[in-house]
Amino acid sequence: MTDLVKVQAATAAELLQYIDISEEASSFVVPETAPEISINRLMEAGFFADAIKLLALGLPKRESVWWACLCARDIHGPQADDDNTGALLAAESWVKSPNEERRLNCKMYGEKTRYKTPASWAATAAAWSHGSLAAPGEPNIEPPAHLYAHAVAGSVTLAAVLANPVNAEKPFLRFLQQGLDLARGGNGKLTPRAADSQLVGS
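Residues numbered from 1 in each chain as written. Predicted model: local features only at pLDDT ≥ 70, side-chain atom pairs only at ≥ 80, totals over all residues. Heavy atoms only, no water.

*Asks:* Just to check I follow, could you spell out the overall build of the protein for this structure?
*Replies:* Looking only at helices and strands, the protein has ten helices and zero strands in total. Sequence-ordered secondary structure for the protein, helices as α and strands as β, is α-α-α-α-α-α-α-α-α-α. For the protein, whose C-alpha radius of gyration is 16 Å, the value lies close to the compact-globule estimate of 17 Å for 202 residues. Along the three orthogonal principal directions, the C-alpha set of the protein runs to about 50 × 40 × 30 Å. Here the protein holds 202 residues, and 46% of them are scored as buried. A separation of at least 24 residues holds for 60% of the contacts in the protein among residues at least 6 apart in sequence. A total accessible area of about 9,900 Å² is found for the protein, and carbon and sulfur atoms account for 52% of it. Put simply, the protein has 18 plus and 23 minus side-chain charges, and the middle of one group is 6 Å from the middle of the other. (Helix = DSSP H or I, 4+ residues; strand = E, 2+ residues; numbered from the N terminus. Rg over C-alpha atoms; globule rule 2.2 N^0.38 Å. Buried < 20%, exposed > 50% of the residue type's maximum accessible area, 1.4 Å probe, protein only. Contact = heavy atoms within 4.5 Å. Areas by Shrake-Rupley, 256 points an atom, 1.4 Å probe, with all protein chains shown as cover. Lys, Arg positive; Asp, Glu negative; His and termini not counted. Charge placed at Lys NZ, Arg CZ, Asp CG, Glu CD.)

*Asks:* Whenever I open this one, the confidence of the model for the protein confuses me. Can you help?
*Replies:* A low pLDDT means the predicted coordinates there should not be read in detail. Scored by pLDDT, the protein has a mean of 94; 94% of the residues are at 70 or more. Confidence drops under a pLDDT of 50 for residues 193–202, and excluding neighbours within four residues, the segment shows 13 contacts in the predicted structure. (pLDDT = per-residue confidence, 0-100.)

*Asks:* Any chance you could explain the pattern of salt bridges here in plain terms?
*Replies:* A pair can form between side chains of opposite charge whenever their charged atoms are brought close. Scanning all chains against the criterion turns up seven salt bridges. The salt bridge involving Glu100 is made with Arg103; its shortest N-O contact spans 2.9 Å. With Glu100 and Arg103 both in helix α6 (residues 100–112) and three residues apart, this pair spans about one turn of that helix. (Salt bridge = Lys/Arg side-chain N within 4 Å of Asp/Glu carboxyl O.)

*Asks:* When you look at the nonpolar core in this model, what are you seeing that I'm missing?
*Replies:* Across soluble globular proteins, nonpolar side chains show a tendency to be buried alongside one another. By size, the foremost hydrophobic cluster in this structure holds 57 residues, and its most contacted members are Leu55, Val65, Trp67, Cys69, Val152 and Leu176. Of all elements in the fold, only α2 (35–44), α3 (48–58), α4 (61–75), α5 (82–96), α6, α7 (118–127), α8 (147–163) and α9 (169–183) reach the threshold of two or more residues within this core. With residues near it in sequence (within four places) discarded, Trp67 still touches Ile52, Leu55, Ala56, Leu59, Val152, Val156, Phe175, Leu176, Gln178, Gly179 and Leu182. (Core = buried A, V, L, I, M, F, W, Y, C linked by side-chain atoms within 4.5 Å.)

*Asks:* Which parts of the structure should I look at to understand the environment of Glu32?
*Replies:* Within the secondary structure, Glu32 is located in the loop between α1 (13–16) and α2. Given the relative accessible area of 64%, Glu32 is considered exposed. In this structure the C-alpha to C-alpha distance between Glu32 and Pro60, which are 28 residues apart in sequence, comes to 20 Å. If sequence neighbours within four positions are ignored, Glu32 has contacts with Thr11 and Ala13.

*Asks:* Sorry if this is basic, but what is going on with the packing of α4 against α7 here?
*Replies:* Think of two packed helices as two axes; the pair is described by the angle between the axes and how far apart they sit. Viewed as axis vectors pointing N to C, α4 and α7 meet at an angle of 165°, and their least axial separation amounts to 9 Å. Taken together, the axes of α4 and α7 lie roughly antiparallel to each other. At the point where α4 passes α7, the crossing takes the left-handed sense. Residues Val65, Ala68, Cys69, Ala72 and Ile75 of α4 pack against Pro118, Ala119, Ala122, Ala125 and Ala126 of α7. In terms of residue class, the contact of α4 with α7 is built from ten nonpolar, no polar and no charged. (Axes fitted to C-alpha atoms, helices over the stretch in contact; angles between N-to-C directions. Parallel < 35°, antiparallel > 145°, perpendicular 65-115°, else oblique. Left-handed = near helix turned anticlockwise from the far one by under 90°. Nonpolar A, V, L, I, M, F, W, Y, C, P; charged D, E, K, R; others polar.)

This is the structure we're talking about:
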């Protein structure tokens, strides 16, 4: 039984066919059980990036992109340039109302920011969630159903590393708890104290 009510996949195997888990982490994954089991095992073993990949794909698209937004927002400071601020605002706007106009705005900002920041990847995740990958006027190229999750995972992982380049364990765990809260039907906005109390091993 799992309490990750937003994750529709019955087993981790349903998700693993679309993502690459590192060889070292593969022994901690239990494909024929609920994804939550593998996510928790990966977190406990310190394979945070692999746990993020699994959870990013398990979440519905809007919740997954919102997770990327939360993590990007966490490290977004006054030093951010206008384009990265625009990318984050565009992604947050898409989550609130995921229409084609807002998706195209996300696509534009993802390209302008060159896929180098958490905000850029959050906007790209929204852009890859529906619509066409092709340029305007060209034949439609529908994005693979799992593509958005790769951008979400890139955003969350990069945000954790940038939050603490020397020791990213705490931001990794905090961001994963936010994602798990979303998977349980929450809004992902954990208080610092709540997040710290849920850290693995605390």
